[in-house]
Each structure stands twice: as structure tokens, then as C-alpha cells.
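# Architecture at a glance
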Amino acid sequence: MSQHDLFSPLNLSIDPTMANLLPYDGIVQDYGVIFGQDDADAYFDALYNGIDWQHDVVKLYGKTVTTARQVAWYGDDGVQYRYSGSTRTALPWSELLLKLKTNIEAHLAAIHPISFNACLLNLYHDGSQGMGWHSDDEPELGQMPIIASLSLGATRKFVLRHKSSKQKIELSLAHGQLIVMHGSTKRYWQHALMKTTKVQQPRINLTFRQML
């Protein structure tokens, strides 16, 4: 793939009538794999090698913990994100991230008109690294945020769990797959990336957000 091809528009196909994966209290829509193997590989390689990855430092039960996974926070000038006792200030958009953001916005516009101003990236080196139950419920996201989540790399199990009923919805997120969470999802549902000994390959997840 040439440098020109790498930054060409994504071939997204959005169906406004797409079914909601949640049975109640929120909306999660699965747009499927949005580009082919070669394109997905090129995006993964460019991000894996070009992002300023850092180990995350969070506070859990009063203790400061450095995570095995690595993270990066990119966005508009001055955009900050506060979670787990720390404040992150966004790095400037890279050319590739800005192109991904612009194309996803364009193809979501028919049913989700939005301009994302930040992107949180997570790098999981293998299946031993995951993400515990959480809701993306930071005040900066607003009451009913739209979060577009793009997966690249190894296929991993993503699970949503209702806070009250404990009902679970499981998804296997594949290389190049896009899901969108919106509505009241963050109020009623948690989600997690499950650990597994079966996966030895890395995965990158990009979550595009609109921070208030």
C-alpha cells in the first residue's frame, strides 16, 4: 500500500436502520469490518509504530498502578481527559488519526452528526492484557455521548453488562471493525475487554469522542 493509499478515504457503509445490539437502556450499533485486510494491516502498522505510546498510570482502591497496556490521548488543542485520578492533555492530531476521524465523521453524519475532538487509543500487546468493567462516565463526555470505537489487530472478546440486571452482551471485535455506543448506554451499561491466554497478537483500539 502506498502512502497515498494509506490516507485515502475509508470505505464505510452505514445503514441508518442498523439494529441495536442492546435489549434496553442504551444503543450499541455494529458497523462490521469497514475495510479490507491490506488496508487494516497498513493502518495497524502505522499506528503501532507511529503513536507515542505510554503505560497508563491510574489509581485503584487508593493505590497508584502502572498498567501493562499502553495508551495515547490525541485531540484538539487543550482538550483534557480526567479519569482514574489523573488528567491527560491531548497530543496534536497525527495526519493518520485526523484522516480516520474525518472519514468516520463523514460516514456517521446521516444518523450521528458529530465532530469528534479527541481520541483515546489503547494498545494491548496480547491476550494477557485487557480492560476491566467501566462505563466511560466521566463528566467531560456529557450525559449521552457518542463514542465510535475502531478495532485493529487481534480479534478480542468485548462484553457489555447491564448495571442492574447484570445481563451480558458479548461481541468478538475483529481487525477493522467499528462499533458505535450512544444514547443512555453509559448510564446503564458497563463494558470490558476480556483477557485470554489464547491470543498472542497485539490489538489497538481507537475510541473517538466529543469532550465537553
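It should be noted that the structure appears before, not after, this text.
Just so you know, these numbers come straight off a predicted model, no measurement behind them. (Residues numbered from 1 in each chain as written. Predicted model: local features only at pLDDT ≥ 70, side-chain atom pairs only at ≥ 80, totals over all residues. Heavy atoms only, no water.)

With that settled, the discussion passes to the overall build of the chain. Scanning the chain from N- to C-terminus turns up four helices and 14 strands. Taking 212 residues into account, the globule formula puts the C-alpha radius of gyration at 17 Å, and the chain, at 16 Å, falls close to it. The dimensions of the chain, computed from C-alpha atoms along their principal axes, are 45 × 40 × 40 Å. Split into buried and exposed, the 212 residues of the chain put 51% on the buried side. Entry remark: accessible area of the chain is about 10,200 Å², with carbon and sulfur atoms responsible for 51%. Across the chain, the 19 positively charged side chains and the 20 negatively charged ones have centroids separated by 13 Å. (Helix = DSSP H or I, 4+ residues; strand = E, 2+ residues; numbered from the N terminus. Rg over C-alpha atoms; globule rule 2.2 N^0.38 Å. Buried < 20%, exposed > 50% of the residue type's maximum accessible area, 1.4 Å probe, protein only. Areas by Shrake-Rupley, 256 points an atom, 1.4 Å probe, with all protein chains shown as cover. Lys, Arg positive; Asp, Glu negative; His and termini not counted. Charge placed at Lys NZ, Arg CZ, Asp CG, Glu CD.)

A few words on helix 3 (residues 95-108). In this model helix 3 runs 20 Å from its N-terminal to its C-terminal C-alpha over 14 residues, within 8% of the 20 Å that 1.5 Å per residue would give. Among the residues of helix 3, those classed as buried are L96, L97, L100, K101, N103, I104, E105 and L108. (Expected span 1.5 Å × (residues − 1).)

Now for the sheet that holds strand 10 (residues 156-162). Pairing is antiparallel in the open sheet, where four strands are placed in the order 8-13-10-11. The open sheet is flanked by strand 8 (131-134) and strand 11 (168-173), the only strands paired with a single partner. For this sheet, the mean inter-axis angle between neighbouring strands, taken without regard to orientation, is 15 degrees. (Pairing = 2+ DSSP bridges. Axes fitted to C-alpha atoms, helices over the stretch in contact; angles between N-to-C directions.)

If charged atoms from side chains of opposite charge come close, those side chains can pair. Taken as a whole and judged by the stated rule, the model has five salt bridges. The shortest N-O distance in the salt bridge between R69 and D56 comes to 3.2 Å. Residue R69 is located in strand 3 (residues 63-75), and its partner D56 is located in strand 2 (residues 54-60); the two are separated by 13 residues in the primary sequence. In this structure R69 comes out as buried when scored by relative accessible area, which is 10%. Here E170 and K157 are joined by a salt bridge, their closest N and O atoms 3.7 Å apart. Linking E170 in strand 11 with K157 in strand 10, this pair joins segments that are 13 residues apart in sequence. A single network of salt bridges, built from pairs that share partners, joins D56, R69 and R88. (Salt bridge = Lys/Arg side-chain N within 4 Å of Asp/Glu carboxyl O.)

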